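Chains, contacts and geometry: an overview
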Amino acid sequence: MKYVTTIDNQEYALEILDEHHIRLGEQTLTVDFESVSGQPVFSLIVDGKSYEAYVYPEEDGWQVLMQGRLYPARVEDEREKRLRAAAGSTVSESAEYHLKSPMPGLVVLIPVAEGDRVEKGQVLVILESMKMQNELKSPRAGIVHRIRVKPGEGVEQRQTLLSVQ
Amino acid sequence: MKYVTTIDNQEYALEILDEHHIRLGEQTLTVDFESVSGQPVFSLIVDGKSYEAYVYPEEDGWQVLMQGRLYPARVEDEREKRLRAAAGSTVSESAEYHLKSPMPGLVVLIPVAEGDRVEKGQVLVILESMKMQNELKSPRAGIVHRIRVKPGEGVEQRQTLLSVQ
Amino acid sequence: MNKVLIANRGEIAVRILRACRELGIETVAVYSEADRQALHVRYADEAYLLGPAPSRDSYLRGDKIIAIAKKSGAQAIHPGYGFLAERADFAQACQNAGILFIGPKPSAIAAMGDKMTARNTVIAAGVPVVPGTEGEGSLSDEDLLAVAPQIGFPLLVKATAGGGGKGMREVQNIEEMPALLQSARREAESSFGDGNVYLEKLVEGARHIEIQILADQQGNTIYLNERECSIQRRHQKLIEEAPSPFIGDDEDLRKRMGCVAVKAAQSVGYVNAGTIEFLVDKDKHFYFLEMNTRLQVEHPITELITGVDIVKEQIRIARGRQLSYQQEDIKINGAAIECRINAEDPYNGFLPSTGKIAHSILPTGPGVRVDTGVYPGFEITPYYDPLIAKLVVWGETRAQAILRMRRALEEYRIVGVRTNIPFHQAMMDSHRFMGGQYDTRFVEERFSMQDVAEGRTLHPEIAALMATLVAHRSMARTAQVVRRGERDTSNWKWVGRWERMHR
Amino acid sequence: MNKVLIANRGEIAVRILRACRELGIETVAVYSEADRQALHVRYADEAYLLGPAPSRDSYLRGDKIIAIAKKSGAQAIHPGYGFLAERADFAQACQNAGILFIGPKPSAIAAMGDKMTARNTVIAAGVPVVPGTEGEGSLSDEDLLAVAPQIGFPLLVKATAGGGGKGMREVQNIEEMPALLQSARREAESSFGDGNVYLEKLVEGARHIEIQILADQQGNTIYLNERECSIQRRHQKLIEEAPSPFIGDDEDLRKRMGCVAVKAAQSVGYVNAGTIEFLVDKDKHFYFLEMNTRLQVEHPITELITGVDIVKEQIRIARGRQLSYQQEDIKINGAAIECRINAEDPYNGFLPSTGKIAHSILPTGPGVRVDTGVYPGFEITPYYDPLIAKLVVWGETRAQAILRMRRALEEYRIVGVRTNIPFHQAMMDSHRFMGGQYDTRFVEERFSMQDVAEGRTLHPEIAALMATLVAHRSMARTAQVVRRGERDTSNWKWVGRWERMHR
C-alpha cells in the first residue's frame, strides 16, 4: 500500500511492503511498530532506533506528539490524493462547483437531494472504487442542484456527478 | 437481600436494604461503595469511615485484602446456606448419600444419569426455587443411582431426589 | 491533636494526608460529588460529602466543613491552598468553633489580604515596595505629574479599579505623560466606570522571587531561602526553581531578602508557614509584592533543597511546639525545579482539557518526586483548576536538575487528557531558560514552542512513519470489520461502512 | 564515551538508562522476544532484539550483545546485576572487543567469584572470615576433631560438595561431634557422591551487613557505609536498610568494617562499584562472606543516605576519571529502607504470580522513590525474576522512614498479579523489625504474617461488608443478563445460566 504523508509541507512517499518493511523514498526500512497497552501510544523500532509517540486522529489527519514536539500529519493513499487534487482543482468559493468523479467507480449513495443546503465538508456522493467506499465531500457551503447520476450507476473518471452553487 | 458472611469462623448477618443501606446484625449502616477504575479495587465509605480493599473471587468465596491483611470470606444467601446445611448434614464418605431437596422447587435439569461416575462437587440436579436456579452438588465422589425425579417435576422440601454410592 | 480535617482536594489534599499519616495523625477528607473517587477520599481515614461539584456548593462551604470537623472529632483543619486558605472569616469561624486552623491568625490573614493595608504595614516595617502612589487616594493629573519624577521613568499608569491591563499605560518620559494619563482615564472610565488612576514604577526585566518563611508561636521566625517563579503565563506560575538562578551566589542579597521577609511577617504577628513575594529588578533592587498566608503550590522545591518538610512543620507549629530548625540550620543543598503539569493543550491556546485518564506512567527513579491527586481511571472534570500533577526534581546542580527534568518529562505518559508537558519540554530546551535569562514576561513575549526546537534534532520522517502506520492500521481494521460482516449478517457491513464514513 | 549498551532488563536497565540520559549519554537496549514492550526498550535511544524469552537465548548471549555494541557504536557495556554481571569471561570478551566493561577487571571478578580464592585472598589481606576448615582440602575425622575446639562451639559440619542444607549438621560440643560427622558424611555421600565435609563456626544471631565501596582507576577506594540486609527468605533479600540499626551509633565498628571492605577490594585490585558482604555476630564480630563485583539491587538506599549517585559514579570511573568524593565527604543523612516488591503471593507460599498488570497506582510524594520496569498493560512473564519494583523511602530518622514506608505500601496498588506488599506491611508492623531486633533467620523462623497483626486494628466486619457487597453485585449482574436475555433471544438466557452455574 502506497501513501503520501505530508508534514510541514514536506511530502514523504511511503510504501508499506509488509508487517515489518516500509519503503520511505528510496530506502527500505525494517520496522517494529506496536501500540503500548492498547493506548494511542506507539513504540517504533526502525533499524535499531527506538521512538515513542502519541498518535491522535485529527479532523483532517493525525497529530504525532514525539519527544515534546507536535507533528501534524496528513496521510493519503493514492486514491485520496487524487480525490483531494480533483476537489482542489475545481474549488472556488464563489463560482458553481461541479463535483467530478476522481476515478472510475460505482455510485453507492447520494445522501443529498437537489435543493439541499450543504456545509463545507459534507458528503455529497459515496463512490465505490478500488474496493473501497470513498466519500466525495463538498469543498464549500451551497445548494445542491443538477444531480446527474443515481445510486447503482457506474461512472467514468472526471464525469460530472452533481453541482453545488 | 439477606446474607450470612463468614470470616475466621465468625458469622456476620447482613441485609442489603437498598443501594446505600445495609443492616449488619442490629445496626443499619449508610454505605457508599464503588469499584475504582473498574478494577477489583473497592472503595467503601461507611458512616464516614473510608476503606479500600482488593476483593478477588475465590473458588469457595472471596478474598478481601485490606490494609495489608487478607480476610478470606464466604458469602451465602439464605438459600445457599440451607443448601450447604442440607449437603453437610447427610454427607459421609463411605455410606450412600441421598440427595434431598433443601427447599420446594422445580427440577430443571439432571445432568447425570444412573450409573454415571461423579466427582465431589459435581452438579447432580439443578433446582429452580426462589426464582433462581440452584445447583445441588455431590458432597463426594461415587456412582449415581436411583434417580427418583425428572426434569419439569415439582418437588417438596427434603424429598429425596437421587442417591450416590 | 490526633485527627485533622483537610479542607481541600487534589494533589495538595493528598500531600497533607501523607504528612498526617507519617505523623500518625488520623485524617478526615471532605469531597464534592465530582470527587467521590478522588485519591484524597481514598487515602483518608474518614470522608464526608460536602455537596455538588461547584466549589461554592462544596469546598467553599466553610460552615459545613466546620460542622464535619466537629462531628468527626477532628481538632484541626488544614486548608491547603486556594478555596478557604486565605479567608480570614473562615479562620475566625474555626477559632470560634474551638478548632485549630493550621495557618496564621485571622488578623494576619486579613492584614495581608487587603492590598493597601499590607502595603502600608510593610512600609511601616521598613520593607521596600514598588514605588508609586497606590494607597494615596485619588490624585489629580497635576499631582501625578508632580510626583512622577520622584518615582522615576519608565513608570506605569494603572487604573485604581482596574485589572487585566485595562487603563494601563507605560510612560517613558514626562513629555508624553499628560496625553497617556488622559487616555488611561478614558479607558478606565469606560471599562470600570471609575477614571481614577495611580502611578507605579515599571520594574523592568522583573523577576518573581519569593521567600518561604516559617514562624512558631514562641516568636521564632526563619526563612527557608527563595524560590524563583518568573516562568508565568497570565500570572499563573508554570515552572518554579530553587535556588533562584538570578540570585545565584549573591549570598548577601539572599540574606537581605530573607531578613526583609522575616520582618514583613513579624509586622503582622505572623505564625505558621507563609511566603513573601517580591519583584526583583535587573539591578537587584527588590520590592514587596504580596504575602501568601498559606502553603504554596511550589513548596516542594524548598523541601528538596533544605530538607525541611514544610507541611509537617506547619502541623508542629499548630500544635504549639517550637520550630525544629533555627536559621543557621537552613542550608541550600543542590537545586530543585518544579513543572506544573496542567490538563491543558499547549497547541491549542492552553485551553483546559477534560476527560478520563485512560493510562498513565509516572516518571520515577532517583531525584524525582511527583505530587498528584489523579490516577488511571480518574476523571478530570471542568470544575476545578487544571493542575493534575507537580513534577519536581532535585539535582546536585541546576544543570543536573534540568537534565533530570528533561528525562522525567520524556518518561511521563498521560493518555485521556492533553497536558502542557510539551511546553515544559520546550522550556527545558530553551537556551534562555538554561542560562537563567528570563523574567516574568518571558513566556508571553519572548518564548515560542516552535523556536526553541531549533536546538533539537527533529524527526519529521519518523513522525511520518508513525502517522502512516497508524492510518494504515486504522484502515485495515475498518476493512476487516466489513469482511467479517460479509460472513455474518448484513448489518455488520453497514456498521463498517458507517464507521468508515464517519471516521 | 557517548553511547552505552545496557546488557540487562527490568528495573535495573531502566535505572541505568536514566543515569545515562541525565549524563547526556546515548543508550542502547537489548531485549528478548518477551520484552518488546518493556520500559527499557521504550526508554532507550536504540533497541535490538536478542532472541527468544529464555535468558540463555537472550540476556545471557554475551556474543550477540558484544556484536550489537559494535554494530551500534556503543563504546561501553553496563551489565547491571545478574545475567552477565559477574562473568569474568564476558568482561574479558568485552575487553578483547575493545569495549569498556562498566565494572571491575576480569581478574577481580574471577578472584572474587571463586569462593576459595576469594577466602584466601582476603585472609592474606588480613580480612576476617568465618573461622573454619574450608579451603584446606579433605580432612579426616581425627583432623576435624582436633581442629574443632580451635574454631569453637557451636559449629557447623558442612558438605564440601554441598548445598541446600544437605550434609549439614549443627554441633554443640565435642562429645556429640563424632556421631554427627558420620551422619553428615553419609548424607553428603548419598546426596552428592562425595562424603567430604568441612567445619565452619556457627555465627549465632547473624546479621547480614554489607559495605558499598567505590574504587577509581587512580587507586582511590572509598566506602559508602553499610546496608543491612538480614530480612531474607531462602537467602533472597526482601528488605534492606541503611544505616544498619544493629551498628547504630557504633561509629568505630562502622569505620572498621568500612576499612576492612576497602582492604578486601584492594586485595584484588578492584575498580568500580562493589559490595563486601559480612556476617556480624551478636558480639559485633564480623566475618567476610563474599564480594559482589557489581551494582547491587539495593544500591538506592545508600544513594539516599549519602547523596552519591552510584550509577553515575560507575560511569565516571569507567571513563577514567577520579571519584567525585573522598572518604571524608561521605556522611550519613537520615535513614532509608527498601522493600523489594515481588510478583509472588505471600498467602500462597510466596509462589510467583504472572499476568498482565491491569492497573497500578504508584506511591509518590515526599521521600519516596520507586525504581520499576513495569507499567499498566505490561505482562509479567515467568521467564525472569519476580522483582517488579523497588519501593525505597528516606526519613530523617529510621522511625520516620518506617512510618513513611507504611504509608507508601498502603498507597501502592497493583492489579493483575499478586505481590508481596502485604508481607512488607506485616514486617513494617512487626515490633521486632521496628526495634531492629532481627537476624538472617528471622523471616523463616520467627515471623508470621498472622502474628504481627496483633498490634493492628482488624476490621473483619468491614471485610464482611465488602465481600457481601461484591458478591451481591456479582449476582445482580448475572440476574440482569438473564433478564436481558428474556427480552432478547433465548440464547442469552442460557449464557446467563451457564455463567451462574460456572461461577
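All values reported here derive from a predicted model rather than from experimental measurement.

Parameters and conventions
- Residues numbered from 1 in each chain as written.
- Chains lettered and ligands numbered in written order.
- Predicted model: local features only at pLDDT ≥ 70, side-chain atom pairs only at ≥ 80, totals over all residues.
- Heavy atoms only, no water.
- Contact = heavy atoms within 4.5 Å.
- Buried area = accessible area lost by both parts, 1.4 Å probe.
- Salt bridge = Lys/Arg side-chain N within 4 Å of Asp/Glu carboxyl O.
- Polar contact = N/O pair within 3.5 Å; in protein donor to acceptor, adjacent residues only side chain to side chain.
- Nonpolar A, V, L, I, M, F, W, Y, C, P; charged D, E, K, R; others polar.
- Phe/Tyr/Trp six-rings, centres within 6.5 Å; stacked < 30°, edge-to-face > 60°.
- Buried < 20%, exposed > 50% of the residue type's maximum accessible area, 1.4 Å probe, protein only.
- Helix = DSSP H or I, 4+ residues; strand = E, 2+ residues; numbered from the N terminus.
- Lys NZ or Arg CZ within 6 Å of the ring centre and 35° of its normal.
- Least-squares fit on C-alpha atoms with pLDDT ≥ 70 in both.
- 1 Å grid on protein atoms, 1.4 Å probe; cavity = no way out; pocket = protein on both sides within 12 Å on 5 of 7 lines; lining within 4 Å.
- Points joined across faces, edges and corners; volume = space filled by probe spheres on them.
- Domains from an automatic or database assignment.
- Pairing = 2+ DSSP bridges.
- Axes fitted to C-alpha atoms, helices over the stretch in contact; angles between N-to-C directions.

Regarding the interface of chain A and chain C
Chain A puts 44 residues into the contact, and the matching count from chain C is 37 residues. Interface area, chain A with chain C, both sides summed: about 4,000 Å², of which 67% is carbon and sulfur. Counting the contacts that link chain A with chain C gives one salt bridge. Where chain A touches chain C, the interface holds nine residue pairs in polar contact (both at pLDDT 80 or more). Taken together, the residues of the side of chain A that touches chain C sort by class into 30 nonpolar, seven polar and seven charged.

What to know about the packing of aromatic side chains
Applying the stated rule across the entire model yields 24 aromatic pairs over all chains. Judged by centre distance (5.4 Å) and plane angle (85°), the rings of Phe-278 of chain C and Phe-286 of chain C are edge-to-face. Judged by relative accessible area, Phe-286 of chain C falls into the buried class, the value being 8%. Ring geometry for Phe-350 of chain D versus Phe-423 of chain D: centroids 5.7 Å apart, planes at 80°, classification edge-to-face. One end of the pair, Phe-350 of chain D, is in the loop between β15 (344–345) and β16 (351–352); the other, Phe-423 of chain D, is in helix α13 (residues 421–429), and 73 residues separate them in sequence. The residues Phe-350 of chain D and Phe-423 of chain D share a single accessibility class, namely buried. Members of the aromatic cluster, each reached through a chain of ring pairs, are Tyr-59, Phe-83, Tyr-383 and Tyr-384 of chain C. Here Arg-69 of chain B stacks its cationic end above the ring of Tyr-71 of chain B, 5.9 Å away from the centre of that ring. Looking at Arg-398 of chain C, its charged tip hangs above the ring of Phe-433 of chain C, at a distance of 5.0 Å from the centre.

Brief notes about the relation of the copies chain C and chain D
Turning chain C through 180° and shifting it by 0.0 Å along the axis lays it on chain D, with an RMSD of 0.1 Å. Taken together, these values place the two copies in the relation of a two-fold axis. Most of the interface of chain C is mirrored in chain D, where 100% of its interface residues are also at the interface.

Topic: the interface of chain C and chain D
With 31 residues of chain C at the contact, the number on the chain D side is 31 residues. Note on chain C versus chain D: buried area summed over both sides is about 2,700 Å², and carbon and sulfur give 53% of it. Run the count over chain C and chain D and you get eight salt bridges. Its salt-bridge partner being Glu-411 of chain D, residue Arg-18 of chain C comes within 2.8 Å of it at the nearest N-O pair. Counting across the chain C and chain D interface gives 14 residue pairs in polar contact (both at pLDDT 80 or more). Those elements that provide at least two residues to the side of chain C that touches chain D are α1 (10–22), α2 (39–43), β18 (359–361), β19 (368–372) and α12 (398–411) of chain C. Of the residues forming the side of chain C that touches chain D, the biggest block, six residues, is contributed by α12 of chain C. For the side of chain C that touches chain D, a count of residues per class yields 10 nonpolar, six polar and 15 charged.

Some points on empty space enclosed by the protein
Under the criterion given, the structure shown has 11 cavities of 30 Å³ or more. Quantified by volume, the largest cavity comes out at close to 310 Å³. Around the largest cavity, the lining is made up of 28 residues, and of these Ser-360, Ile-361 and Leu-362 of chain C together with Ser-360 and Leu-362 of chain D lie nearest the centre. Within the residue set of the lining of the largest cavity, elements represented by two or more residues are α2 and β18 of chain C together with α2 (39–43) and β18 (359–361) of chain D. Residue composition of the lining of the largest cavity, grouped by class: 20 nonpolar, six polar and two charged.

A few points about the environment of Lys-284 of chain D
Residues and elements named next belong to chain D. By secondary structure assignment, the location of Lys-284 is in the loop between β12 (272–280) and β13 (286–292). Taking C-alpha positions, Lys-284 is 9.9 Å from Asp-250, a pair spaced 34 residues apart along the chain. Leave out the neighbours within four places in its chain, and Lys-284 touches Phe-246, Asp-250 and Leu-253.

A word on the pattern of salt bridges
Per the stated rule, a full pass over the model turns up 91 salt bridges over all chains. Among the ionic pairs, Glu-228 of chain C bridges to Arg-207 of chain C, the shortest N-O distance being 2.7 Å. Linking Glu-228 of chain C in strand β10 (residues 221–233) with Arg-207 of chain C in strand β9 (residues 207–215), this pair joins segments that are 21 residues apart in sequence. Both residues of the pair, Glu-228 of chain C and Arg-207 of chain C, belong to the buried class. A network of salt bridges, in which partner residues are shared, links Arg-15, Arg-18, Glu-22, Glu-303, Asp-309, Lys-312, Arg-369 and Asp-371 of chain C together with Arg-404, Arg-407 and Glu-411 of chain D.

A short note on the domain arrangement of chain A
The domain boundaries assigned to chain A delineate domain 1 (2–87) and domain 2 (97–164). Each of domain 1 of chain A and domain 2 of chain A has a C-alpha centre, and these two points are 29 Å apart.

Concerning the sheet that holds strand β10 (residues 221–233) of chain D
All names here are of chain D. What the eight strands build is an open sheet, ordered β13-β12-β9-β10-β11-β14-β21-β19; its pairing is antiparallel. The open sheet terminates on both sides in strands that have one partner only, identified here as β13 and β19 (368–372). Pairs of neighbouring strands in the sheet enclose a mean axial angle of 25°, with direction left out of account. Pairing analysis gives eight bridges linking strand β14 (residues 335–342) to strand β21 (residues 387–395), with the strands arranged antiparallel. Across the sheet, residue Asn-342 finds its bridge partner in β21, namely Leu-387.

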